[in-house]
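Commentary on secondary and tertiary structure
Listed here are the chains, written in short residue letters.
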Amino acid sequence: MNSNKSRILIVIMLVTILILYMKYQRAQTKLFLQSLDLKYLYERAMWHTEAVEEFYSPDITTETEPEPPYMQRSYKLQQTGNYQLPDLEDNEAELFFQSHTNIFFIISTIFQAGLAKLNPRQTCAIESAARSNPEWKVFVLFVSATEFSFFNSPNIVPLLPYPNVFLRRVNMTTFGLGSPVEEMFERGALNNSSFIVEHTSDVLRLLTVYKYGGTYLDTDVVVMKSLDELPLNYLVSEGDGFVANGIINLQASGVGHTLAESMLRDVAKNYSATEWAANGPFLVTRILRQYCNVTEPWHMTREQCGGQFGVLPPDQFFQVFYPHQSWYFEANRTREVMERMKGKVLTHLWNKLTNGIKLKKDANAAYIELARLYCPNALWSVKEYF
């Protein structure tokens, strides 16, 4: 009898401790949000502070005030104090309405405990896309994350005031169903890759534009003008004989869909788990050589490629070429780099070659100048290094 009572007491104590812990997490989240200068963030995002306060208090509703339009993608607070990332496929209506205005970023990094994270430069790319394209929908797709936390995901916070930024998770079990890579996904080919993060992103970017149409962007860009200034259906030359796969615009129907399907069929047939660029630039270049019937990307003009698709010249997005990628971070090159940015829609910062360069947030460098102009929340939110 006493033994049963002891067990019951232990269970009650454990439940009590769990409840207190969850209340503590919620209280800490509330204190953290109160400590944020939300007014500053939201003014920089060019929307009203009142809407931000409503976003962070989703349980507070009034009969006179309509629900903010971006509450459709609100993130559910879990008992753990983390916020759940909605499943992309459960919210597909967001993608099919005016699909040509979809922008996609793919975060294929493997996160511990399924908690989504971004680094400041990734946040900058996403924020710049949202600011420069306020009428477009910006989808940030996480492959291995299901939740985010204000404590463990601080670089996500600067994006939350933007009503056109949608944080979503991708279910790899179902995402490839009905596509040319369905069988490839079923046998777990990507899991055996020597470059799992890169190859997963290479395939998913093609699959995403195949399914929904729109523009895929790498997370090492800064968007400076509206993508409306560019034609539909394009990739860009890297300037070294290959077409880059870091910026892809293919529409959900017509030529765009046909090209995306051809690329997916190719990767399903020729997927390489051991070569870094095999499923990226090598693949898209091979398909476009066939489609445009020319070898050099320079000659893959809209006229040559049938009138509805073209490969843009490298200086459209790669204004600073290898091996000068460090110029974005060098004070003595700031003026020259900023001069090259004039009139351009976006610039690519060569993250694979520059991610090890440490840069103080107040440095006199072109990247900091670009951040002040196009991703101020991301820059303002870091303590010292950007």
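Reading the values: the criteria
- Residues numbered from 1 in each chain as written.
- Predicted model: local features only at pLDDT ≥ 70, side-chain atom pairs only at ≥ 80, totals over all residues.
- Heavy atoms only, no water.
- Helix = DSSP H or I, 4+ residues; strand = E, 2+ residues; numbered from the N terminus.
- Buried < 20%, exposed > 50% of the residue type's maximum accessible area, 1.4 Å probe, protein only.
- Contact = heavy atoms within 4.5 Å.
- Areas by Shrake-Rupley, 256 points an atom, 1.4 Å probe, with all protein chains shown as cover.
- Phe/Tyr/Trp six-rings, centres within 6.5 Å; stacked < 30°, edge-to-face > 60°.
- Lys NZ or Arg CZ within 6 Å of the ring centre and 35° of its normal.
- Disulfide = S-S within 2.5 Å.

**Considering the overall build of the protein chain**
- Within the protein chain, the secondary structure is distributed over 13 helices and 11 strands.
- Considering the protein chain as a whole, with its 386 residues, one finds that 52% of them fall into the buried category.
- Intrachain contacts of the protein chain at a sequence separation of at least 6 include 75% that bridge at least 24 residues.
- About 18,400 Å² of surface is accessible on the protein chain, with carbon and sulfur atoms providing 53% of the total.

**Comments concerning the packing of aromatic side chains**
- Taken as a whole and judged by the stated rule, the model has 16 aromatic pairs.
- Judged by centre distance (6.4 Å) and plane angle (35°), the ring pair of Phe 104 and Tyr 212 falls under tilted. With Phe 104 in strand β2 (residues 102–107) and Tyr 212 in helix α7 (residues 196–212), the pair connects residues that are 108 residues apart, well separated along the chain. Both residues of the pair, Phe 104 and Tyr 212, belong to the buried class.
- Ring plane angle 40° and centroid distance 6.3 Å describe the contact between Phe 175 and Tyr 212, whose orientation is recorded as tilted. Here Phe 175, found in the loop between β5 (165–169) and α6 (182–186), pairs with Tyr 212, found in helix α7; they are 37 residues apart in sequence, far enough to count as distant. This pair shows no difference in class: Phe 175 is buried, exactly as Tyr 212 is.
- When the ring centre of Phe 175 is taken as origin, the NZ or CZ atom of Lys 211, which lies over that ring, is 4.7 Å away.
- The ring centre of Tyr 385 lies 4.3 Å from the NZ or CZ of Lys 358, which sits over that ring.

**Details of the state of the cysteines**
- Scanning the entire structure with this criterion turns up two disulfides.
- Paired through a disulfide, Cys 124 and Cys 375 show a sulfur-sulfur distance of 2.1 Å. Given an S-S torsion of about -70°, the disulfide between Cys 124 and Cys 375 has left-handed geometry. Of this pair, Cys 124 sits in helix α5 (residues 120–132) while Cys 375 sits in the loop between α12 (366–374) and α13 (376–381); the two residues are 251 residues apart in sequence, bridging distant segments of the chain. The same class applies to Cys 124 and to Cys 375, which are both buried.
- A disulfide bridge connects Cys 292 with Cys 305, and the sulfur atoms are separated by 2.0 Å. Residues Cys 292 and Cys 305 are joined by a disulfide whose S-S torsion is about 110°; by sign, that bridge is right-handed. Remark: Cys 305 occurs in the loop between α9 (281–292) and β10 (310–312) and Cys 292 occurs in helix α9; sequence separation between them is 13 residues.

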